[in-house]
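# Structural features, examined
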Amino acid sequence: MSTSIGASDAARLLGVSKSTLYAYVSRGIVTRRTAVDGRTSLYNRDEIDHLRQRSRQRPVMERPTIDVQITSSITELHDDGVRYRGHDVAELATTTSFERTAELLWTNRLPEDEPRWPVDRELLAICKRAVGAVDSGDPLTALALTATVLAAHSPTLDAPAAARHMLAIVPAVLGGSLRGDVASRLSSSWIKNPSPEFVAAVAQTLVLLADHELATSTLAVRVACSVRTDPYSAFVVGLSVMRGALHGAASRDVATLFDEAAEVGASAAVNGYVRRRDRLPGFGHSVYRNGDPRFVPLLECVSRIPVTNDRIDIVHDVLGAAGRQLGLYPNVDFALGALTFVTEIPPDVPLFAIARIAGWAAHYAEELDERPVRFRGLARAR
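Residues numbered from 1 in each chain as written. Predicted model: local features only at pLDDT ≥ 70, side-chain atom pairs only at ≥ 80, totals over all residues. Heavy atoms only, no water.

## Points about unusual backbone geometry
One non-glycine residue with positive phi stands out, namely Glu-213, at about 60 degrees. By secondary structure assignment, the location of Glu-213 is in the loop between helix H10 (196–208) and helix H11 (216–226). With relative accessibility at 34%, the residue Glu-213 sits in the partly exposed group. Phi is positive for Arg-228, close to 65 degrees, though the residue is something other than glycine. For Arg-228, the position within the fold is in the loop between H11 and helix H12 (231–242). (Helix = DSSP H or I, 4+ residues; strand = E, 2+ residues; numbered from the N terminus. Buried < 20%, exposed > 50% of the residue type's maximum accessible area, 1.4 Å probe, protein only.)

## Remarks on the sheet that holds strand E3 (residues 41–44)
Strand order in the open sheet made by the three strands is E1-E3-E2, with antiparallel pairing throughout. The sheet terminates laterally at strand E1 (4–6) and strand E2 (32–34), the two strands that pair on one side only. When the angles between neighbouring strand axes are averaged without regard to direction, this sheet yields 45 degrees. Both E2 and E3 contribute to a ladder of three bridges, which runs antiparallel. Each bridged residue has a counterpart across the sheet, and for Thr-34 the counterpart in E3 is Ser-41. (Pairing = 2+ DSSP bridges. Axes fitted to C-alpha atoms, helices over the stretch in contact; angles between N-to-C directions.)

## Digging into the pattern of salt bridges
In the structure shown here, the tally under the stated rule is nine salt bridges. Two residues, Arg-45 and Asp-49, come together in a salt bridge whose shortest N-O distance is 3.0 Å. With a gap of four residues between them, Arg-45 and Asp-49 both fall in helix H3 (residues 45–57), about one helical turn apart. Among the residues examined, Arg-45 registers a relative accessible area of 29% and is labelled partly exposed. Accessibility expressed as a relative area gives 23% for Asp-49, which makes it partly exposed. Note that Arg-222 is salt-bridged to Glu-367, the shortest N-O span being 2.9 Å. (Salt bridge = Lys/Arg side-chain N within 4 Å of Asp/Glu carboxyl O.)

Structural measurements only, silent on function.
Structure follows, in structure tokens:
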């Protein structure tokens, strides 16, 4: 007969906080039952020991070939959370708009009043013509063209001003309304009369993904800034890196996983990746040992969106299958893929890229205080 232990003991054995333990429960990794008093949570000791042993045996990820150390005061990454300028991102996502969060990243101050980013309608018309002329159907191309047009017409703006300008125009370029905040305007570009819950999920996504320290695209923006290109052109550099399947496209792969699960079942879909030795999209992270802290708040927000389909059940089935079969922890890309899958909006919506423009502007401004052209690779003869 297996032993039951309380939450404090279970968290101590796993070496995690209680909040992380509860997140494991929501992900289907750990089973929780209620004691006879109806309040106390109990956990199976054998299951906890098995998970602890499996975590110890998990192979250590290879370190990158090149480590670039950059001093920055913008974002801090910790196992238990992400902080923008000292503010917990999970809390910001539920209490603060994307606009206020962006201003925090740029100014190191959270404004009391809601910022207003006016739309330059003349430039909007030019951007729309440029995007329409190319007619690629690719939202990242639309963003890059918008930044290129803005660079040609207002290249002298500082990075935060350029970001305000671009973020005000982008929703309308993508077909959204001209009124409201960025989240509501973006939402209207994908869903006619979006529900408040959908708008809230989009807003939380923008806040949670606005920055993530020195991610690859952010580093590329800083390199571009070091040679003193204009901010819009630096944003184009970041957007180009976002095209990489290993950086900005993970949520599209997650949506594909959900499609497979809907067709063959969650366990079979997960096993398919295992048999093919493919990396299961939406799981694992090179920074967080105990799971991506951005995952839970976003998935909870997605779960509240009113829909007429049963797709959220498929999402939870995949989550449980992966947790039981592989012991992997989901990341924010899983939750972003769930957002597109559950609401049936296109899986390539550029929420990740749009959100990250805020972070890029903050890093561009910070890089201006450093010595120009400080990034230089040294080649070795083979």
